[in-house]
Amino acid sequence: MAEETLYDRLGGRDGIRAVVDEFYDRLLADEDIGPLFANADMAQLRRTQTDFLCEAAGGPERYDGPPVREAHAHVPFTPSLIQRAIALLYGSLDAFDVADTDAEAVVGAVAAYETDLLAGPDDEG
Ligand code: HEM
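Reading guide: rules and limits
Residues numbered from 1 in each chain as written. Predicted model: local features only at pLDDT ≥ 70, side-chain atom pairs only at ≥ 80, totals over all residues. Heavy atoms only, no water. Donors = N, O, S within 2.8 Å, 3.2 Å for Na, K, Ca; no water. Helix = DSSP H or I, 4+ residues; strand = E, 2+ residues; numbered from the N terminus. Salt bridge = Lys/Arg side-chain N within 4 Å of Asp/Glu carboxyl O. Buried < 20%, exposed > 50% of the residue type's maximum accessible area, 1.4 Å probe, protein only.

Under an unreviewed UniProt entry, the protein has the name Group 1 truncated hemoglobin and belongs to Haloarcula saliterrae.

Below you can see the structure in the form of structure tokens.
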């Protein structure tokens, strides 16, 4: 039998979609992070974020959104807001009883983009 991938353990697209929905519910409920989404198309964002995490977990989906740096160039993030978002992602994974090592892999896929998330429109590189 083929080895089970992270994607399989998370419950495939449906399982990952459930975590993403929980994550965005928590982000929107946060008093500092929620307002950043005031003008966002949340339906689209939930779909692209699901694609992103499915791809990162080894699934067949492909992220077709704009580069992460471009997508967030106008969002006034700070390192502490990113850390809080990551804590909310951990909490969302925990709500679905995802094993610690799997949760770390999912969080790692997002945290790898911290520099891109923090970059502003005028930053080089
Ligand atoms: C690394 C994985 C991520 C991907 C692939 C991703 C993807 C995207 C995309 C495609 C957009 C829409 C851009 C557009 O409409 O032009 C967006 C916007 C946004 N994302 Fe992310 N994102 C990621 C991580 C995060 C994290 C960790 C946060 C933390 C709060 C976040 C918060 C936001 C916010 C606030 C917007 C702005 C919406 C707006 O101004 O309309 N994103 N993201």
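**Some points on the coordination of the iron atom of the ligand**
Inspection of the coordination sphere of the iron atom of the ligand shows a single protein donor, His72 (NE2), at 2.0 Å. Inspection of the secondary structure puts His72 in the loop between helix H4 (68–71) and helix H5 (79–95).

**Digging into the pattern of salt bridges**
What the rule picks out here adds up to 12 salt bridges. Note that Glu22 is salt-bridged to Arg26, the shortest N-O span being 2.8 Å. Of the two residues, Glu22 and Arg26 both sit in helix H2 (residues 12–29), four residues apart, roughly one turn of that helix. Accessibility expressed as a relative area gives 24% for Glu22, which makes it partly exposed. A salt bridge links Asp51 to Arg47; the shortest N-O distance between them is 2.8 Å. Separated by four residues within a single helix, Asp51 and Arg47 lie in helix H3 (residues 42–56), roughly one turn from each other. Among the residues examined, Asp51 registers a relative accessible area of 7% and is labelled buried. Given a relative accessible area of 30%, Arg47 falls into the partly exposed group. Residues joined by salt bridges that share partners form a network here, namely Arg13, Arg47, Asp51, Glu61 and Asp64.

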